[in-house]
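# Commentary on secondary and tertiary structure
Take a look at the letters that make up each chain.
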Amino acid sequence: MNAYLLLSNGMVLQGESIGCTGTTVGEVVFATGMVGFQETLTDPSYYGQIITQTYPLIGNYGMNSQDYESPKIWAKGYIVREACKTPSNFRCEKTLDAFLKENNTIGIEGVDTRRLTRIIREKGVMNGAITTEFDPQGESERKTALLAEINAYAVVNAVKAVSCTEMRTYNPGGKYHVALMDYGCKANIVRCLEKRGCRVTVMPGTATPEEVMAIHPDGLMLSNGPGDPAENTQIIANIAKMLDTGIPTFGICLGHQLTALAAGAKTCKLKYGHRGGNQPVTHESGARTYITSQNHGYAVMGETLPESVGHVSYVNANDKTCEGMDYTRWNCKTVQFHPEASGGPKDCEFLFDEFISRIAAAKGVTPDA
């Protein structure tokens, strides 16, 4: 069956349907990872977006539920050059097409995704739609109506949509108790904390400071998540109140942005964002550049952070945007990239070890005691 990608500028790209049929509207973004499509598809940070994979063959090792970052697909649609129909891997449970259908996700293959990526890089992120219901190249009236819907679309209330609604605990016998704020948390954050001996209590993103502190955590983890960070005004106020207690805190991606906003800094939307497993990040010392996995469309404007509060600790080696903050006002460090990245580089997993060391220091014990 034919499928069509209609962009907000009126451009139409034709391909073939994968996954479910119908029409879906979202923000079209691109991800450059050669592997990790399972993690990408199940990452809540893609809520409200249509994902374009720049790598030309997707699905060649199939889907394996043990590697998912959440139980479902949060993206609005999926665009690939070729969807492999005969995956080969001993851990494979199903094909990409079957997984898309299970999750009621509309996809399209046969699109020149590298051409599409160049369009987005030049014009910036734009909204779009995938449809199997009509040919936008020939039906001008329906195209006009769909374009109006596309141009009116916006990703809103994203954290509320993806966050858990009830508290849940992992590794209850762990030595250190970490409260993990779920703004769209990836499962591998929990795994990385468990691996380091932590009891992890995942809290709804809207949990109040009083509710969080009532469980007496040793450390606070602020997770990744989707959407415009600045719209989460109450969460930002909650973070500031929790950090004022002096609790050791580590923020990733959206957690990094929300903390910066709580500290008085500003954020901005990037032209086309950073999404993929090959983003170079340089430490403030200049001594080392790490290869990181990233997925964000907004960035902290590092120069807007008050000097009395903290400073930029990492910058993107490509566009010099802020990739991390060290705070002097609080016992807190945050990064824009994903040190827990599964399906991507693990250069920066040491940041979890640093977090555990800060928790241990606050408790007056050695990390391996």
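Preceding this paragraph is the structure being described.
What you see is a predicted model; the values in this text were computed from it and never measured.

### Some details on the environment of Gly 276
Tracing the sequence through the fold places Gly 276 in strand E15 (residues 266-283). Distance from Gly 276 to Asn 224, taken between C-alpha atoms, is 15 Å for residues 52 residues apart in sequence. Not counting residues up to four positions away in its chain, the partners in contact with Gly 276 are Thr 32, Gly 33, Thr 292, Ser 293 and Gln 294.

### What about the nonpolar core?
In this structure, Met 181, Tyr 183, Val 212, Leu 220, Ile 239 and Tyr 327 are the most contacted members of the largest nonpolar core, which totals 32 residues. Counting residues per element, the ones that place at least two in this core are strand E11 (176-182), strand E13 (219-222), helix H8 (233-243), helix H9 (254-262) and strand E18 (322-327). It is H8 that provides the largest number of residues to this core, a total of 6 residues. When residues no more than four places from it in sequence are discounted, the contact partners of Ile 239 are Tyr 183, Leu 222, Leu 258, Thr 259 and Ala 262. Counting 28 residues, the second largest nonpolar core, distinct from the first, contains Leu 193, Phe 250, Cys 253 and Val 335.

### Concerning empty space enclosed by the protein
The gaps left among the atoms become clear once a water-sized probe is rolled over them. Following the criterion strictly, the structure yields 1 cavity of 30 Å³ or more and no others. Reported here for the largest cavity is a volume of approximately 30 Å³. In terms of lining, the largest cavity is formed by Ile 291, Thr 292, Phe 337, His 338, Pro 339, Pro 345, Lys 346, Asp 347 and Cys 348. Of the residues in the lining of the largest cavity, the class split is 5 nonpolar, 2 polar and 2 charged.

### Digging into the packing of aromatic side chains
In this description, an aromatic ring pair is defined by two values, namely the gap between the centres and the angle between the planes. Applying the stated criterion across every chain yields a total of 9 aromatic pairs. Centroid distance Phe 37 to Tyr 61: 4.4 Å. Interplanar angle 35°. Geometry classified as tilted. Of this pair, Phe 37 sits in helix H1 (residues 37-41) while Tyr 61 sits in the loop between strand E5 (57-58) and strand E6 (77-80), placing them 24 residues apart in sequence. We classify Phe 37 as buried; its relative accessible area is 2%. What links up through ring pairs into an aromatic cluster is the set Tyr 290, Tyr 314, Phe 337 and Phe 350.

### With respect to the sheet that holds strand E8 (residues 106-109)
Ordered by their spatial adjacency, 7 strands build a closed barrel running E1-E2-E8-E6-E4-E3-E9, and the pairing between neighbours is mixed. On average, adjacent strands in this sheet sit at an angle of 35° to one another, irrespective of strand direction. Sheet topology note: the strand E1 (residues 2-7)/strand E2 (residues 12-19) ladder contains 5 bridges and is antiparallel. Bridged to Leu 5 within E2 is Leu 13.

Parameters at a glance
- Residues numbered from 1 in each chain as written.
- Predicted model: local features only at pLDDT ≥ 70, side-chain atom pairs only at ≥ 80, totals over all residues.
- Heavy atoms only, no water.
- Helix = DSSP H or I, 4+ residues; strand = E, 2+ residues; numbered from the N terminus.
- Contact = heavy atoms within 4.5 Å.
- Core = buried A, V, L, I, M, F, W, Y, C linked by side-chain atoms within 4.5 Å.
- Buried < 20%, exposed > 50% of the residue type's maximum accessible area, 1.4 Å probe, protein only.
- 1 Å grid on protein atoms, 1.4 Å probe; cavity = no way out; pocket = protein on both sides within 12 Å on 5 of 7 lines; lining within 4 Å.
- Points joined across faces, edges and corners; volume = space filled by probe spheres on them.
- Nonpolar A, V, L, I, M, F, W, Y, C, P; charged D, E, K, R; others polar.
- Phe/Tyr/Trp six-rings, centres within 6.5 Å; stacked < 30°, edge-to-face > 60°.
- Pairing = 2+ DSSP bridges.
- Axes fitted to C-alpha atoms, helices over the stretch in contact; angles between N-to-C directions.

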